[in-house]
Amino acid sequence: MEGGGAYGGGKAGGAFDPITFVQRPQVILRAVCWLFAIIVFGCISSKGWYTRGNQEECLFNKDASACNYGVSISVIAFLASMGFLAGEYFFEQMSSVKTRKHYVLVDLGFSGFWSFLYFVGFWYLASQWGKTETDYPTGSSNVKAAIAFSFFSIFTWAGCAFFAFNRFRQGAGAAFATNYEADVTMPSTYTSYPGGPDSDQNYQDPPFSGGNQRGPSDFQAPAY
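Note that the coordinates shown come from a computational prediction; the quantities given were computed from them, not determined experimentally.

(A) How the structure looks around empty space enclosed by the protein. Counted under the stated rule, the structure contains one cavity of 30 Å³ or more. By volume, the largest cavity amounts to about 30 Å³. Around the largest cavity sit Gln26, Arg30, Glu88, Asp107, Cys160 and Phe163, which together line it. Elements supplying a minimum of two residues to the lining of the largest cavity: helix 2 (25–47) and helix 5 (140–170).

Below is the structure:
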């Protein structure tokens, strides 16, 4: 993992390097997710429907739910990818360890869940396309592209979840343990308060201890 800060990110307040940013695996994978989302909903939206008379038919076995499902998960994936790309940029500026932790957990949960939704979408679209009996004059190549990139998206979103899981495992302990312990090392000796005795001054007996104390016989009344 890169960086020396919490949860795999650099220390907050560091200088932003755009070259290093675009070369980060998380950023590259998010950009790929973003591109695949555009392809899936673009293919279905443009050629996934066929107008027959006054009625539109979904090319996936005339199942409108299949077209709507593919478009819905891809549009949300498109918006989420842009949001996570922005989050990767601001991740380096998050000085709070708890904020970074929350971001990583959201990344992990969402990416894993969307990988599952794309798996369902791939199976759903492929199944409906396999049952399609109508020979449509156009759109078959777009339908096949939507199915293929839905399949690819399973692995890109799973990869994002994998990187988020590694970040979560790394956590804050490995990032701040050395610096924190160095900063809060307790001194072996304590200096005295201003105006007080020196810390290395020997302990002195109280003024009425030892030989200065008198026993009960010293206070007996004189005999007459």
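Resuming the write-up.
(B) Region of the structure containing the nonpolar core. Ranked by internal contacts, the top residues of the largest apolar core, which has 18 residues, are Ala37, Ala77, Phe91, Tyr103, Trp114, Tyr118 and Trp157. In terms of residue count, helix 3 (residues 64–91) provides more of this core than any other element does, six residues in total. Among all residues touching Tyr118, those that are not within four sequence positions of it are Ala37, Ile73, Ser74, Ala77, Ser150, Ser153, Ile154 and Trp157.

(C) How the structure looks around the pattern of salt bridges. Taken as a whole and assessed by the stated rule, the structure comprises four salt bridges. Glu88 is the partner of Arg24 in a salt bridge, and the nearest nitrogen-oxygen pair spans 3.0 Å. Placement of the pair is Arg24 in the loop between helix 1 (18–22) and helix 2 and Glu88 in helix 3, with a sequence separation of 64 residues. The buried category is assigned to Glu88, whose relative accessible area is 0%. Note that Arg167 and Glu88 form a salt bridge whose closest N and O atoms lie 2.9 Å from each other. One end of the pair, Arg167, is in helix 5; the other, Glu88, is in helix 3, with 79 residues separating them in the sequence. Per residue, the accessibility class of Arg167 equals that of Glu88, and both read buried.

Definitions and cut-offs
Residues numbered from 1 in each chain as written. Predicted model: local features only at pLDDT ≥ 70, side-chain atom pairs only at ≥ 80, totals over all residues. Heavy atoms only, no water. 1 Å grid on protein atoms, 1.4 Å probe; cavity = no way out; pocket = protein on both sides within 12 Å on 5 of 7 lines; lining within 4 Å. Points joined across faces, edges and corners; volume = space filled by probe spheres on them. Helix = DSSP H or I, 4+ residues; strand = E, 2+ residues; numbered from the N terminus. Core = buried A, V, L, I, M, F, W, Y, C linked by side-chain atoms within 4.5 Å. Buried < 20%, exposed > 50% of the residue type's maximum accessible area, 1.4 Å probe, protein only. Contact = heavy atoms within 4.5 Å. Salt bridge = Lys/Arg side-chain N within 4 Å of Asp/Glu carboxyl O.

By themselves, these observations are geometric and do not establish any function.
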